[in-house]
Amino acid sequence: MDNMLQFMKLVGQLKRIPRTGWVYRNVKQPESVSDHMYRMSMMALTIQDVSVNKERIIKMALVHDLAESIVGDIAPADNVSKEEKHRREKEAMEHISGLLEDGLRKEVYELWEEYENQTSSEAKLVKQLDQLEMVLQAHEYEELEGKPGRLQEFFTSTEGRFHHPEVVGLLKSLNEERARHIASKGQNDAEKSTETKSHTPTTSS
Ligand SMILES: Nc1nc2c(ncn2[C@H]2C[C@H](O)[C@@H](COP(=O)(O)O)O2)c(=O)[nH]1
Ligand SMILES: [Mn+2]
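Below: a short report on this structure. (Residues numbered from 1 in each chain as written. Chains lettered and ligands numbered in written order. Predicted model: local features only at pLDDT ≥ 70, side-chain atom pairs only at ≥ 80, totals over all residues. Heavy atoms only, no water.)

### Section: the layout of surface pockets
Okay, so step 1: Counted as a void, the largest pocket has a volume near 1,200 Å³.
Okay, so step 2: Together, 35 residues line the largest pocket, and I74, P76, K85, K127 and Q131 are the ones closest to its centre.
Okay, so step 3: Secondary-structure elements contributing two or more residues to the lining of the largest pocket are α2 (20-23), α6 (82-98), α7 (102-117), α8 (121-145) and α9 (152-156).
Okay, so step 4: Per-element accounting of the lining of the largest pocket gives the leading share, five residues, to α6.
Okay, so step 5: Taken together, the residues of the lining of the largest pocket break down into twelve nonpolar, nine polar and 14 charged. (1 Å grid on protein atoms, 1.4 Å probe; cavity = no way out; pocket = protein on both sides within 12 Å on 5 of 7 lines; lining within 4 Å. Points joined across faces, edges and corners; volume = space filled by probe spheres on them. Helix = DSSP H or I, 4+ residues; strand = E, 2+ residues; numbered from the N terminus. Nonpolar A, V, L, I, M, F, W, Y, C, P; charged D, E, K, R; others polar.)

### Focus on the packing of aromatic side chains
Okay, so step 1: A full pass over the atoms with the stated rule returns three aromatic pairs.
Okay, so step 2: The interplanar angle of 75° and the centroid separation of 5.1 Å between the aromatic rings of W22 and Y141 together place this pair among those described as edge-to-face. Linking W22 in helix α2 with Y141 in helix α8, this pair joins segments that are 119 residues apart in sequence.
Okay, so step 3: According to the relative accessible area criterion, Y141 is buried, its value standing at 5%.
Okay, so step 4: On the basis of an interplanar angle of 55° and a centroid distance of 5.6 Å, the ring pair of Y109 and W112 is categorised as tilted. Note that Y109 and W112 are positioned in helix α7 at a spacing of three residues, about one turn of the helix.
Okay, so step 5: For Y109, a relative accessible area of 12% corresponds to the buried category.
Okay, so step 6: Judged by relative accessible area, W112 falls into the buried class, the value being 1%.
Okay, so step 7: Through a chain of ring-to-ring contacts, the aromatic side chains of W22, Y141 and F154 assemble into a single cluster. (Phe/Tyr/Trp six-rings, centres within 6.5 Å; stacked < 30°, edge-to-face > 60°. Buried < 20%, exposed > 50% of the residue type's maximum accessible area, 1.4 Å probe, protein only.)

### A few points about the nonpolar core
Across soluble globular proteins, nonpolar side chains show a tendency to be buried alongside one another.
Okay, so step 1: Residues W22, L66 and M93 are the most contacted members of the largest nonpolar core, which totals 46 residues.
Okay, so step 2: Elements with a contribution of two residues or more to this core: α1 (3-13), α3 (33-45), α4 (54-63), α6, α7, α8, α9 and α10 (165-199).
Okay, so step 3: With ten residues, the top contributor of residues to this core is α8.
Okay, so step 4: Aside from chain neighbours lying at most four places away, what touches L66 is F7, V11, L14, M37, M93, I96 and V108. (Core = buried A, V, L, I, M, F, W, Y, C linked by side-chain atoms within 4.5 Å. Contact = heavy atoms within 4.5 Å.)

Here's what the structure looks like:
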């Protein structure tokens, strides 16, 4: 098969791979890996910080999980060692980028390698976008399910990971909205239980 066609079919595979973290938490119709990378790329597009190489962070966001088209989306709960996860993903990226012409092959592989090894400020920012996108998605699933707070583990596991001011700013808005929703859900539940108590006849002793 033509190499470019094979490359594009591997990219297409990402549309059909659900994000493992949501699958393990029984989220209905979980997003795919490409859904996740798309919004990350949009987050990168909106970065205003002129010290950041914006083109590079958009490209890095687009390729950072490309290896998952072959190795799948390995989550912390899978207990795959960092070394083994790196070995699998490196092997996959060598194959995937190997389908491209030399210049493009080098570019795609090096973008992935830079992100994987976190060797630049751009890579560190893309990692923050990766985790910001995940907690934003967790918040949206809590809203869709009407269960604010249910996916707290995603917020707990990423605490202290956010440093870029624009990332911190969006996260602040997200956490404020989430806190309001958790508070109002708690209030509604309290009101409901009061109502239930007032309508439940007490048994006379
Ligand atoms: N249940 C949890 N899953 C998590 C957590 N942190 C990450 N993850 C999932 C999300 C993805 O499915 C996968 C890896 O994501 P990458 O974008 O890094 O490939 O792991 C967590 O705290 N809990
Ligand atoms: Mn990712």
